[in-house]
Structure formats: structure tokens, C-alpha cells
Amino acid sequence: MTDSQKPDAPRRRGRRSSQDISGREALIHAAIRAFAQRGYEGASLRMIAREAEVDVALCARLFGNKEQLWQAVIDHLAENFESHYAQRLAELETLSEHSARQAIEGFIRLYADICMATPAFTAFLLQESNAHSERLEIIVEKLTRPLLLPAHRIVRKAQAAGVVAAREPELFVRMLTSALALPMTTPTLLPAHTRSASNLEQRIVDEALSIFLLPESGNPPA
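Bear in mind that the values here come from a model prediction, so they are computed numbers and not experimental data.

J.: Is there a simple way to explain the overall build of the chain in this structure?
T.: Each helix and strand in the chain was counted, giving eleven helices and zero strands. For the chain, the N- to C-terminal ordering of α and β elements is α-α-α-α-α-α-α-α-α-α-α. The 222 residues of the chain split such that 43% are buried. Within the chain, residue pairs in contact and separated by at least 24 positions form 66% of the contacts whose partners lie at least 6 positions apart.

J.: Sorry if this is basic, but what is going on with the nonpolar core here?
T.: Across soluble globular proteins, you tend to see nonpolar side chains buried next to one another. Of all hydrophobic cores here, the largest spans 70 residues; its most connected members are Leu27, Phe35, Ile48, Ile104, Phe124 and Val164. Contact partners of valine 164, with chain neighbours within four places excluded, come to Ile104, Val155, Ala158, Gln159, Phe172, Phe212, Leu213 and Leu214.

J.: What am I meant to see in the packing of aromatic side chains here?
T.: Two aromatic rings are characterised by how far apart their centres lie and by the angle between their planes. Within this structure, the stated rule accounts for four aromatic pairs. Judged by centre distance (5.9 Å) and plane angle (20°), the ring pair of phenylalanine 35 and tyrosine 40 falls under stacked. We classify phenylalanine 35 as buried; its relative accessible area is 1%. Lying over the aromatic face of tyrosine 40, lysine 66 brings its terminal NZ or CZ to 4.5 Å of the ring centre.

J.: How do you make sense of the environment of valine 54 when you look at a structure like this?
T.: The topology assignment puts valine 54 in the loop between helix H2 (45-52) and helix H3 (56-63). Residue classification places valine 54 among the buried residues on the basis of a relative accessible area of 5%. Distance from valine 54 to glycine 23, taken between C-alpha atoms, is 6.7 Å for residues 31 residues apart in sequence.

J.: What exactly am I supposed to notice about the pattern of salt bridges here?
T.: Two side chains that carry opposite charge are able to pair once their charged atoms sit near each other. Following the criterion strictly, the structure yields eight salt bridges and no others. The residue lysine 142 makes a salt bridge to aspartate 75 at a minimum N-O spacing of 2.9 Å. Note that lysine 142 is positioned in helix H8 (residues 134-160) and aspartate 75 in helix H4 (residues 66-84), a separation of 67 residues in sequence. For lysine 142, a relative accessible area of 35% puts it in the partly exposed group. Aspartate 75 gets classed as partly exposed once you look at its relative accessible area, which sits at 27%. Notably, a salt bridge pairs arginine 156 with glutamate 170, separated by 2.3 Å at the nearest N-O pair. Linking arginine 156 in helix H8 with glutamate 170 in helix H9 (residues 169-185), this pair joins segments that are 14 residues apart in sequence.

J.: Looking at this structure, how should I read the environment of glutamate 170?
T.: A relative accessible area of 30% means that glutamate 170 is categorised as partly exposed. On a C-alpha basis, the gap between glutamate 170 and arginine 153 in space is 9.1 Å, while along the polypeptide they are 17 residues apart. Those residues in contact with glutamate 170, other than ones at most four positions away along the chain, are His152 and Arg156.

J.: I keep staring at the confidence of the model for the chain and nothing clicks. Help me out?
T.: With 87% of its residues at a pLDDT of at least 70, the chain reaches an overall mean of 85. Least confident of the elements in the chain is helix H7 (residues 119-129), whose mean pLDDT is 75; most confident is helix H5 (residues 86-95), at 97. In this model residues 1-20 is a low-confidence stretch, pLDDT under 50, and it forms 28 contacts with partners more than four residues away in sequence or in other chains.

J.: For this particular structure, what's the right way to read the packing of helix H1 (residues 23-42) against H7?
T.: A pair of packed helices is captured by two measures, namely the crossing angle of their axes and the spacing between those axes. Following both chains from N to C, one finds H1 and H7 inclined at 35°, their axes separated by 8 Å at the closest point. Regarding H1 and H7, the two cross each other, and that crossing is left-handed. Seen from H1, the contacting residues are Ile32, Phe35, Ala36, Gln37, Arg38, Gly39 and Tyr40; seen from H7, they are Ala120, Ala123, Phe124, Gln127 and Glu128. Taken together, the residues that form the contact of H1 with H7 break down as seven nonpolar, three polar and two charged.

J.: Is there a simple way to explain the side chain of arginine 101 in this structure?
T.: Tracing the backbone shows arginine 101 in helix H6 (residues 100-117). Polar side-chain contacts of arginine 101 include one of 2.9 Å to the backbone oxygen of leucine 214.

J.: Please explain the packing of H4 against H7 as it appears in this structure.
T.: Direction vectors running N to C along H4 and H7 enclose 135°, while the axes themselves pass 13 Å from each other. If you check the angle between H4 and H7, you find them oblique. The hand of the H4/H7 crossing is left-handed. Note on element contacts: H7 touches H4 through Phe121, Phe124 and Glu128, opposite Trp70, Val73, Ile74 and Leu77.

Conventions used here
All residue numbers refer to position in the chain's written sequence, counted from 1. It should be noted that, the model being predicted, local features are given only for residues of pLDDT at least 70 and side-chain atom pairs only at 80 or more, the latter also being counted only at that level, while totals for whole chains, interfaces and linings use all residues. To get the side-chain values, all heavy atoms of the structure are used, and hydrogens and water are removed first. Numbered from the N terminus, helices here are DSSP runs of H or I no shorter than four residues, and strands are runs of E no shorter than two. Relative accessible area decides the class of each residue, using a 1.4 Å probe on protein chains only: under 20% of the type maximum gives buried, over 50% gives exposed, and in between gives partly exposed. Only heavy atoms matter for contacts: two residues are in contact if any of them lie within 4.5 Å across the pair. The nonpolar core is taken to be a set of buried Ala, Val, Leu, Ile, Met, Phe, Trp, Tyr and Cys residues, with the residues joined through side-chain atoms within 4.5 Å. The pairing test for Phe, Tyr and Trp rings, Trp by its six-membered ring, is centres within 6.5 Å, and the orientation test on the planes gives stacked under 30 degrees, edge-to-face over 60, and tilted for anything in between. Geometrically, a charge over a ring is one whose NZ (Lys) or CZ (Arg) sits within 6 Å of the ring centre while staying within 35 degrees of the ring normal. A side-chain nitrogen of Lys or Arg and a carboxyl oxygen of Asp or Glu constitute a salt bridge if their distance falls within 4 Å. The predictor's confidence in any single residue is recorded as pLDDT, a number from 0 to 100. Axes here mean lines fitted to C-alpha atoms, for a helix over just the part in contact, with angles spanning 0 to 180 degrees between N-to-C directions. Handedness of a crossing follows from how the near helix is turned relative to the far one, being left-handed for an anticlockwise turn of less than a right angle and right-handed for a clockwise one. The residue classification treats Ala, Val, Leu, Ile, Met, Phe, Trp, Tyr, Cys and Pro as nonpolar and Asp, Glu, Lys and Arg as charged. All others, Gly included, are polar. Throughout this description, a polar contact denotes any pair of N or O atoms lying within 3.5 Å of each other; where both atoms belong to protein, one of them has to be capable of donating a hydrogen while the other can accept it, and for residues adjacent in sequence the pair is counted only when both atoms sit in side chains. Reported orientations rely on four angle classes, namely roughly parallel under 35 degrees, roughly antiparallel over 145, roughly perpendicular from 65 to 115, and oblique for the rest.

Given below as C-alpha cells:
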């Protein structure tokens, strides 16, 4: 039986309590998970509505169709980045002018925070990166460029200061973010004693610092 053939789960009747998130928020969060797990083509409005515990009619009323819901997800993620991380990133870029090591360390911690707070974010990007569609262009413009361009500048400062041995800052940033994102978003791939640790994020950050940054006395390769 396909998702579209499955009967909808029972919906809660009456108004949501003041402690419940709104139907719109529930749909946005459910859509992020669905698109991350199944991709755009594999996710359906009915599936997303069921996950959000709302009637599919509400989804249609609020967003119209799947494409518009997908766009709303992108806008939500972009707004979340702007609200919670853009200022921190700007401060790190300023810091890199006089303390390149602190700045690149701060970027590693910031990106780890993003991965931990929104684990579906990376999976969402990976799903779309294989599509080579207009959706990917939207993601690059609204989600990845605001993060990566400042990161490139921070890495160039770290490179010049002998903090990292990067030869290609843009490639370095992508390898660094991938190395952080994979264990953060798929902890089942980690050794059991590591993934069960209460300080998992800090352990991943510490390992990334030891791998990607040169020792304090280190010099860039000739």
C-alpha cells in the first residue's frame, strides 16, 4: 500500500492548546524531515500532514501545493539561520582579522551547533544536491552561500596565519563541514561508546579541531 492509499491517522479535534505549536509550524517541521528522508519526489502532502498530525486540507489551505510548501521550508531555514547564526558568523569574520585561530575554532563550533540543532538540515541538502534542479539553485542562493562565503574568508585568514594547512579554502570549508555534519546527523555510524556519550557534540568538535587545525607552533607546508 502506498502512502497516498494509507488512511489518515486520527486527528485531534478542537483547538490546539496554548502549549502546542501552530499547525503551520508543525507542517514546516514535518516537511523538513520528510524532504530530508525521502527527497522532494518521495515526500507527499498527505504524508507530511500525517506526520504533523493535521488534516491534509490544512496543508493545502496554508501552502497550496508541495512546491510552495518546499519553498516555505527554505524560507524557514533561511530565517532560522539569520536569527540564530548570522550575527555569530559576522562576529567570527571580524575576529579573524586579528585572531585567526579563535575565528576558525569558533566557526567549527558554530557549524556543529547548526548540525546539532537542525539534524535534518544536512540530509535535506544532500537530497537536493543530487537533483541538479532549480531547487538546488535556490538552496545555494538562500542557504549555503550566506554560510560558506564568510567561512571561506575566515579560512583564508587562518591559512595566511599558518593556523590551517589549506591549499584551497573553498574545498577546505566543504571538507570541514562534511566532516562535522556526518557524525552529527548520523551518529549510528559512530562507535557505540562515542555515540552514547553525553558530550557527543563537544567530542566531535574537539576531534575536528585536532584534525583540521595545525598545532600552535605549526607552520603551513611549503
